[in-house]
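Observations on the three-dimensional arrangement
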Amino acid sequence: MSSIKQFQVTFDCADPERVARFWCEVLGYVVPPPPEGFATWDDFDRSLPSEHQGSAFACVDPSGVGPRLFFQRVPEGKVVKNRVHLDVRVGTGLVGEERLATLEAESARLVALGAVVVQVLRADGVNESCISMQDIEGNEFCLD
């Protein structure tokens, strides 16, 4: 029997902070503290390259029980792609080739169950590697 994996729910949207703050209100979630070395999320955001500013926001269950919610800006509106997908967190804490190997091993296990690999996204200096997949009905999710 396989162990249960942690996951975060990711929303594709036009205005990540606005949508995140809405869901904080709906669910009683909170905005986590900014990364170490930054007094506020605005300070952190301003430290990013301009093309990444305002591109993401997150909220968490203050009790630690519910999944983290992540909101990422995308240029397109919903047409055929899911606007909400699951990120299955199998590479947490891993980086580089070790992370990619872990993601690929889990991907192979899921392909055997009927999932399809859509794209392997390799680390690019801003983001770590992840693998985009589809479940047995074509719903998008990522191994992260």
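Look up a bit, the structure's there.
Cut-offs used in this document
Along every chain, residues carry numbers that run from 1 in the direction the sequence is written. With the structure being a predicted model, the display of local features is reserved for residues of pLDDT at least 70 and the display and counting of side-chain atom pairs for 80 or more, all residues being used for whole-chain, interface and lining totals. Values shown for side chains rest on all heavy atoms present in the structure; no hydrogens or waters enter the calculation. Numbering of helices and strands runs from the N terminus, with a helix taken as a DSSP run of H or I at least four residues long and a strand as a DSSP run of E at least two residues long. Each radius of gyration reported is based on C-alpha atoms, and the globular scaling rule is 2.2 Å times the count of residues to the power 0.38. Throughout, a residue-residue contact means that at least one pair of heavy atoms, one from each residue, lies within 4.5 Å. By definition, two strands form a pair when at least two bridges between them are found by DSSP. Working definition of a nonpolar core: buried Ala, Val, Leu, Ile, Met, Phe, Trp, Tyr and Cys residues. They are joined through side-chain atoms within 4.5 Å. Buried, partly exposed and exposed residues are distinguished by accessible area as a fraction of the type maximum, computed with a 1.4 Å probe on protein chains only: under 20%, between the cut-offs, and over 50%, respectively. We call Phe, Tyr and Trp rings a pair once their centres come within 6.5 Å, taking the six-membered ring for Trp, and we label the pair stacked below 30 degrees between planes, edge-to-face above 60, and tilted otherwise. Contacts described as polar in this section are N or O atom pairs within 3.5 Å, which, within protein, must combine one atom able to donate a hydrogen with one able to accept it, while residues neighboring in sequence count only if both atoms come from side chains.

**Some thoughts on the overall build of the chain**
For the chain, the helix and strand inventory stands at three helices and seven strands. When its helices and strands are written in sequence order, the chain yields β-α-α-β-β-β-α-β-β-β. For 144 residues, the compact-globule estimate of 2.2 N^0.38 gives 15 Å, and the chain sits close to it at 16 Å. Each of the three principal axes of the chain carries a C-alpha extent, and together these read 45 × 35 × 30 Å.

**Considerations on the environment of Q134**
Within the secondary structure, Q134 is located in strand 6 (residues 130-134). Placed 64 residues apart in sequence, Q134 and F70 show a C-alpha to C-alpha distance of 19 Å. The contact partners of Q134, leaving out residues within four places of it in the chain, are A115, V116, V118, N139, E140 and F141.

**Brief notes about the environment of V74**
Note on placement: V74 falls in the loop between strand 3 (69-73) and strand 4 (84-88). Between the C-alpha atoms of V74 and V26, which are 48 residues apart in sequence, the distance is 22 Å. Beyond its immediate stretch of four places on either side in the chain, V74 contacts D12 and C13.

**A word on the pairing of strand 7 (residues 140-143)**
When strand 4 meets strand 7, the two strands line up parallel, connected through three bridges. Paired with V88 across the bridge in strand 7 is L143.

**A word on the nonpolar core**
The biggest cluster of nonpolar side chains holds ten residues, and these are V9, F11, C13, A20, C24, Y29, F57, C59, L69 and F71. Among the secondary structure elements, those contributing two or more residues to this core are strand 1 (7-13), helix 1 (16-27), strand 2 (56-59) and strand 3. When residues in this core are grouped by element, the largest group, three residues, is from strand 1. With near-sequence residues (within four places) excluded, F57 lies in contact with P16, E17, A20, R21, V31, W41, L69, F70 and F71. Core analysis: the second largest hydrophobic core is formed by nine residues, V88, L103, L110 and A115 among them.

**Quick look at the packing of aromatic side chains**
Under the criterion given, the structure shown has four aromatic pairs. An angle of 90 degrees between the planes, with centres 5.6 Å apart, marks the rings of W41 and F44 as edge-to-face. Of this pair, W41 and F44 are both found in helix 2 (residues 41-47), three residues apart, which corresponds to roughly one turn of the helix. Judged by relative accessible area, F44 falls into the partly exposed class, the value being 24%.

**Details of the side chain of R99**
Among the structural elements, R99 can be located in helix 3 (residues 96-112). For R99, a relative accessible area of 6% gives the class buried. Separated by 2.9 Å, the side chain of R99 and the backbone oxygen of G91 make a polar contact.

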